[in-house]
Amino acid sequence: MKYQDVIPEQAQNTILCTVNFKNDVDTNEVLEVFKDFCGRLHPTLNSMKIRFPFDNFKFVMGIGSNAWGRLFPNSEKPKDLKQFNDIKGKNKTAVSTDGDLFFHISADKMDVCYEMMLIIHKLLKNVIDSVDETHGFRFRDGRAIFGFVDGTENPDIEEAKEVVYIDNHEDPYFGGTYVMAQKYIFDLDLWDSLSVEKQELVVGRYKDTDLELSEDKKPSNAHTEISKAHDVLGEEVKIMRANIAFAEASKSIFGSYFLGYSKDFSITLQMLKHMFEGKDNNEYDSILDYFNPITGNLFFVPSFEQIDKIASGDIH
Ligand code: HEM
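All values derive from a computational prediction rather than experimental measurement.

Caption draft 1: Here's a closer look at the site of the ligand. Around the ligand, a shell composed of 25 residues is seen, among which Gly151, Glu153, His223, Arg241 and Asn243 lie nearest. Within the backbone of Gly151, an N or O atom sits 2.6 Å from an oxygen atom of the ligand. Within the backbone of Thr152, a nitrogen or oxygen atom sits 3.3 Å from an oxygen atom of the ligand. Of all the cavities here, the one that holds the ligand is the largest pocket. The element that contributes the greatest number of residues to the shell around the ligand is helix α8 (residues 265-277), accounting for four residues. Here the shell around the ligand is composed, by residue class, of ten nonpolar, nine polar and six charged.

Have a look at this one:
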């Protein structure tokens, strides 16, 4: 099984790109162009890794629910692939936005990310419209845009594979996964008006050392407390997360691009509901006083076997 590079490792640079297939182009034409793209993808990624062996190049492509319905009406949809619905929260809404294809491209050099975007442009430009393109960077020593280390409680590599890849052999999309992609705008000035101690209560970790606050100090609506998900037995369940920092400082635009990879979208959904709607005592995640989501969509990330089946027309 050849999986896509879905276990995010921090690279110096990232491009996150969401596109729609054009509505005014005939679906058969879109399909032919996309099949050609899928047929070229594996060799293209091999070529990128040959050309840029020292740049930590990684690539993921996800397919949205509407695109699946339009291009492959005769093939069963991946089980969890549905259009993400708004979650109306107590102070913010986790919005649902458009997206037929999603690209998560990372490398230590931005021009390597761009090189891949150039190939996407050359092969797909006649059939796609851009929804969003965000250029992100690794911030300081691996911190999210608000200055706290990101990824500490992520599963390690072996556990991550179990958490991320669909491992049920009965599932026709074995080896694929799902990614929830959400772009958040960050209120830097409001955040900076808080003391470090207050910020630490919002996150539930110490800013400098990244140590977790002890249970008696951590508020129940701290991000790292309220966002947790549990199975029916009450055991904590994890997904693979990343927050990519982005900014255009002269325009006062700051943000975090959240990515949640999981073989089971219900876990990510449970986390989102806890954050936006609150848990037990009805409080929402206090991180949402400083972050506002402006995009949100779920994508299925096929394995390379499945990408080859798209190319050959076996998924149709
Ligand atoms: C504005 C966007 C977000 C930022 C800046 C952010 C940042 C962070 C940081 C700094 C941590 C602590 C270090 C770590 O374990 O990674 C963390 C933990 C966590 N975040 Fe987020 N996060 C964001 C959105 C989300 C979303 C949308 C979800 C769920 C869908 C989520 C779920 C979690 C979980 C489950 C933990 C670990 C809790 C634990 O076990 O301690 N986060 N986040």
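Caption draft 2: Representation of the side chain of Lys58 within the structure. Here Lys58 shows up in strand β2 (residues 58-64). Polar contacts involving the side chain of Lys58 include one to the side chain of Asn56, which spans 3.4 Å. If we skip the residues at most four places from it in the chain, Lys58 touches Asp5, Glu9, His104, Ile105 and Ser106.

Caption draft 3: Structural context of the coordination of the iron atom of the ligand. Looking at the iron atom of the ligand, one finds just one donor atom contributed by the protein, His223 (NE2), at 2.0 Å. Examined against the element boundaries, His223 turns out to sit in helix α7 (residues 223-226).

Caption draft 4: Main features of the pattern of salt bridges. The full count for this structure, using the stated rule, is 18 salt bridges. Of the charged contacts in the structure, one is a salt bridge between Asp5 and Lys49, with a shortest N-O distance of 3.1 Å. Residue Asp5 is found in the segment before β1 (13-21), and its partner Lys49 is found in helix α1 (residues 27-51); the two are separated by 44 residues along the sequence. Judged by its relative accessible area of 34%, Lys49 is partly exposed. A salt bridge links Arg205 to Glu153, with the nearest nitrogen and oxygen atoms 3.5 Å apart. Highlighted residues: Arg205 in the loop between α6 (196-203) and α7 and Glu153 in the loop between β6 (128-137) and α4 (157-164), separated in sequence by 52 residues. Overall, Arg205 belongs to the buried group, its relative accessible area being 9%. Connected through shared salt-bridge partners, Glu153, Arg205, Asp210 and Lys238 make up one network.

Caption draft 5: Looking closely at unusual backbone geometry. Positive phi outside glycine occurs at Asn56, with the angle close to 60°. Counting through the fold element by element, Asn56 comes out in the loop between α1 and β2. Its relative accessible area of 25% is what places Asn56 among the partly exposed residues. Phi is positive for Asp210, which is not a glycine, with a value near 70°. Secondary-structure assignment places Asp210 in the loop between α6 and α7.

What counts, and at which threshold
- Starting from 1, residues in each chain are numbered consecutively following that chain's sequence as written.
- Where totals are concerned, whole chains, interfaces and linings use all residues; where local detail is concerned, this predicted model gives features only for residues with pLDDT of at least 70, and gives and counts side-chain atom pairs only at 80 or more.
- Note that water and hydrogens are dropped before the side-chain values are worked out from all heavy atoms of the structure.
- Being near a molecule or strand, for a residue, means having at least one of its heavy atoms within 4 Å of it.
- Whenever two N or O atoms come within 3.5 Å, that pair is a polar contact, provided that in protein one can donate a hydrogen and the other can accept it, and provided that, for residues adjacent in sequence, both atoms are side-chain atoms.
- Cavity and pocket criteria rest on a 1 Å grid covering protein atoms alone: a 1.4 Å probe that fits but cannot get out defines a cavity, protein on both sides within 12 Å along at least 5 of 7 lines defines an open pocket, and an atom within 4 Å of a point defines a lining residue.
- For this analysis, a molecule is said to be in a pocket or cavity if more than half of its atoms are within 2 Å of the grid points defining it.
- A run of DSSP states H or I qualifies as a helix once it reaches four residues; a run of E qualifies as a strand once it reaches two. Both are numbered from the N-terminal end.
- The classification used treats Ala, Val, Leu, Ile, Met, Phe, Trp, Tyr, Cys and Pro as nonpolar, Asp, Glu, Lys and Arg as charged, and all other residues, Gly among them, as polar.
- Any two residues whose heavy atoms approach within 4.5 Å are treated as being in contact.
- Listed donor atoms are N, O and S within 2.8 Å of the metal (Na, K and Ca: 3.2 Å). As water is not included, a site may look incomplete.
- When a carboxyl oxygen of Asp or Glu lies within 4 Å of a side-chain nitrogen of Lys or Arg, that pair is called a salt bridge.
- Each residue's exposure class comes from its accessible area (1.4 Å probe, protein chains only) as a fraction of the maximum for that residue type: buried when under 20%, exposed when over 50%, partly exposed otherwise.

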